[in-house]
Amino acid sequence: MSERAQFATKIGVIAASVGSAVGLGNIWRFPYEAGAHGGGAFISIYILCVLFLGIPVMIAEFIIGRSTHKNANSAINTLVPGSKFRYVSYVGICASVMILSFYSVVAGWIVEYLFQSIIGNMTGHTTQEYSNMFNSLVGSPYRSLFWTYLFLIANFLILRKGIQKGIERISNILMPVLFVLLLVFCINSLTLPNAKEGLKFLFSPDFSQVSPSMVIGAMGQAFFSLSLGLTCLLTYASYFSDKTPLVKSATIIAVLDTCVAILAGIIIFPAVFSFGAEPTAGPKLVFEVLPNIFQQMPGGYLWAVAFFVLLFFASITSTISMSEIVITFCTEEHNMSRKKATRLNTAIALVLGTLCALSFNLLSDIKLFDKNIFDLFDYVSSNILLPAGGFILAIFVGWIMDKKIVKEQLSNHGKLNVHTMKPIIFCIRYVAPIAIALIFLYVTGLF
Ligand code: TRP
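Bear in mind that the values here come from a model prediction, so they are computed numbers and not experimental data.

Asker: Is there a simple way to explain helix 13 (residues 285–295) in this structure?
Answerer: An α-helix turns once per 3.6 residues; consequently, residues spaced three or four apart project the same way. For helix 13, a buried count of 10 out of 11 residues is recorded, marking the element as mostly surrounded by other parts of the structure. Listed in full, the buried residues belonging to helix 13 are L285, V286, F287, E288, V289, L290, P291, N292, I293 and F294. As for helix 13, its buried residues are in contact with helix 2 (24–36), helix 5 (88–118), helix 6 (127–139), helix 8 (164–190), helix 12 (246–274) and helix 14 (300–334).

Asker: Any chance you could explain the site of the ligand here in plain terms?
Answerer: Looking at the ligand, there are 17 residues lining it, with A21, G25, Y103, F224 and S227 nearest. Contact between the ligand and N26: an oxygen atom at 3.4 Å from a side-chain N or O atom of the residue. Here S225 contributes a backbone N or O atom positioned 3.1 Å from a nitrogen atom of the ligand. In isolation the ligand offers 360 Å² of accessible surface; the protein chains occlude 100% of this area. Assessed atom by atom at 2 Å from the grid points, the ligand resides in the largest cavity. Secondary-structure elements contributing two or more residues to the shell around the ligand are helix 1 (10–21), helix 2, helix 5, helix 10 (212–225) and helix 14. Residues belonging to the shell around the ligand are distributed by class as follows: nine nonpolar, eight polar and no charged.

Asker: I'm lost on the packing of aromatic side chains in this one. Help?
Answerer: Centre distance and the angle of the planes are the two values used to describe a pair of aromatic rings. The final tally for this structure, using the stated rule, is 34 aromatic pairs. With centroids separated by 6.1 Å and ring planes inclined at 35 degrees, the aromatic side chains of Y103 and F224 adopt a geometry described as tilted. Of the two residues, Y103 sits in helix 5 while F224 sits in helix 10, which places them 121 residues apart along the sequence. A single burial state applies to Y103 and to F224, both of which are buried.

Asker: Quick question: what am I supposed to make of the packing of helix 3 (residues 40–68) against helix 12 here?
Answerer: For any two helices packed against each other, the geometry comes down to the angle between their axes and how far apart the axes lie. The interhelical angle for the contact between helix 3 and helix 12, taken along N-to-C directions, is 145 degrees, at an axis separation of 9 Å. Here the hand of the crossing between helix 3 and helix 12 comes out right-handed. Residues I43, Y46, I47, V50, I55, M58, I59, F62, I63 and R66 of helix 3 touch helix 12, and the partners they reach there are L246, V247, S249, A250, T251, I253, A254, D257, T258 and I262. A class-by-class count of the residues in the contact of helix 3 with helix 12 yields 15 nonpolar, three polar and two charged.

Asker: Teacher, can you tell me more about the nonpolar core here?
Answerer: Nonpolar side chains tend toward joint burial in soluble globular proteins. The biggest cluster of nonpolar side chains holds 156 residues, and the ones touching the most others in it are W28, W109 and F307. Here this core gets 17 residues from one element, more than from any other, and that element is helix 5. What W28 contacts, discounting residues up to four positions off in sequence, is F102, V106, W109, P283, V286, F287, F374 and D378.

Asker: I'm lost on unusual backbone geometry in this one. Help?
Answerer: Apart from glycine, the bulk of residues carry a negative phi angle, and the bulk of peptide bonds sit in the trans form. One non-glycine residue with positive phi stands out, namely D370, at about 65 degrees. Position of D370 relative to the elements: it lies in the loop between helix 15 (338–358) and helix 16 (373–400).

Asker: Sorry, what's going on with the side chain of S83 here?
Answerer: The topology assignment puts S83 in the loop between helix 4 (72–79) and helix 5. Judged by its relative accessible area of 8%, S83 falls in the buried class. A distance of 3.1 Å separates a polar atom in the side chain of S83 from the backbone nitrogen of F85.

Asker: How should I be thinking about a nonpolar patch on the surface in this particular structure?
Answerer: Together, W399, I400, F426, Y430, I434, L438, L441, L446 and F447 make up a nonpolar patch on the protein surface, roughly 900 Å² of accessible area in all. Elements represented by at least two residues in the nonpolar patch include exactly helix 16 and helix 18 (421–443). Of all the elements, helix 18 adds the most residues to the nonpolar patch, at five residues. Residue classification places I400 among the partly exposed positions, given a relative accessible area of 37%.

Asker: Whenever I open this one, a positive patch on the surface confuses me. Can you help?
Answerer: Taken together, R160, K161, K339, K340 and R343 make up a surface patch of like positive charges. Broken down by element, the positive patch gets its largest block of residues, three residues, from helix 15. Looking at the element boundaries, R160 is found in helix 7 (residues 141–160).

Asker: Can you walk me through the pattern of salt bridges in this structure?
Answerer: Overall, the coordinates contain five salt bridges when judged by the stated rule. In this structure, R29 and D378 form a salt bridge, with 2.7 Å as the shortest nitrogen-oxygen distance. Here D378 lies in helix 16 and R29 lies in helix 2, a separation of 349 residues in the sequence. The shortest N-O distance in the salt bridge between R338 and E324 comes to 3.2 Å. With R338 in helix 15 and E324 in helix 14, the pair connects residues that are 14 residues apart, well separated along the chain. Judged by its relative accessible area of 15%, E324 falls in the buried class.

Conventions we followed
Residues numbered from 1 in each chain as written. Predicted model: local features only at pLDDT ≥ 70, side-chain atom pairs only at ≥ 80, totals over all residues. Heavy atoms only, no water. Buried < 20%, exposed > 50% of the residue type's maximum accessible area, 1.4 Å probe, protein only. Helix = DSSP H or I, 4+ residues; strand = E, 2+ residues; numbered from the N terminus. Contact = heavy atoms within 4.5 Å. Near = heavy atom within 4 Å. Polar contact = N/O pair within 3.5 Å; in protein donor to acceptor, adjacent residues only side chain to side chain. Areas by Shrake-Rupley, 256 points an atom, 1.4 Å probe, with all protein chains shown as cover. 1 Å grid on protein atoms, 1.4 Å probe; cavity = no way out; pocket = protein on both sides within 12 Å on 5 of 7 lines; lining within 4 Å. Sits in = over half its atoms within 2 Å of the grid points. Nonpolar A, V, L, I, M, F, W, Y, C, P; charged D, E, K, R; others polar. Phe/Tyr/Trp six-rings, centres within 6.5 Å; stacked < 30°, edge-to-face > 60°. Axes fitted to C-alpha atoms, helices over the stretch in contact; angles between N-to-C directions. Left-handed = near helix turned anticlockwise from the far one by under 90°. Core = buried A, V, L, I, M, F, W, Y, C linked by side-chain atoms within 4.5 Å. Patch = residues over 30% accessible without salt bridge, like charges linked within 9 Å, V, L, I, M, F, W, Y side chains within 5 Å. Salt bridge = Lys/Arg side-chain N within 4 Å of Asp/Glu carboxyl O. Lys, Arg positive; Asp, Glu negative; His and termini not counted. Charge placed at Lys NZ, Arg CZ, Asp CG, Glu CD.

Structure, rendered in structure tokens:
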């Protein structure tokens, strides 16, 4: 790439990264993972993962991207010529296509729910009816494929026409609106009859429930939600200016993203316990709970429509950011035209997305380790590939690349006085890689 644009303002940097980070990961995946793993204990471990793994790995990605203004592969090759660490971009590409595939299926459900709320179907039913509604959507191959394809085509057209900057700008306006909407839903949920029970589930940890699957789930959720490990934020940071304060930006992004997830939890769990849903319902959890919330609010129709529109934008800024990884790699490293790279990315997502959408119906019998294709893609990419990518990036920044550059990046060439420099470097060198390795060993039973 001959000329690389830069983010003009601090807000631009943070807004684009938050746009990538805030998405279905916060509002759909976080509540169901928390619900499936016992609530409070999961959230405590999740927050530890954000603090000690997420923020350091995010800073590591920022350091590599900003110091070189290049994509992951060239950046690593520039910092340490010939280093094999550049192959981390292949882990990123694999994770990216896998995530895009199952993410598009869920985003497709969001589009169908938007449609259903527009035609007025999101109010006036019982929990059981909402549950049936969701089951009939995912149970129908045609309907799930239709919405998945529609979402992928929208993603394709945005990338193809090069209007992702425009979408990001719209979404920068809409994200604060989403935040306010979530606050309103949150207050509403706190007035529900069994709100206390929901909050207790969410915030009083029962550490006897800690298990390998919970710990890896919390780590994977932290990486997924913060868009880490697949060099997405590394690529964003390659557009940062020399003035962007890396530590502060990473902290703000992580805090905002975590706030959105916790808000989603405070919305969902009081409702789960008030409307007789199961916290362990899995991917369908928010889809059967949310309509219940809308319908008991005054003006529920409008709340539902607004919510799904906003969630759609939150999802598409996330899929744009994943797709950009694949496209930048193809164009900058393999001299492919942008058009061709965009087509390739979409074609792969269409094929893999089809498998994910069909794994709830025609292909539901295909299971590996008791997981269907959708769950398998989700598990392998979020819980294995992203932390593995984060591990490699942390080792690279902590041990391989020039320490002088690391310090220059953290302090903006000495212009900033970063008090937390030492603990951050310590986390990048020791805490993050060792914790990720130990969690992998714990889950495989070797430790
Ligand atoms: N963080 C996004 C979400 O929570 C998903 C996402 C976007 C992502 N880009 C990513 C996840 C890169 C991992 C890596 O919905």
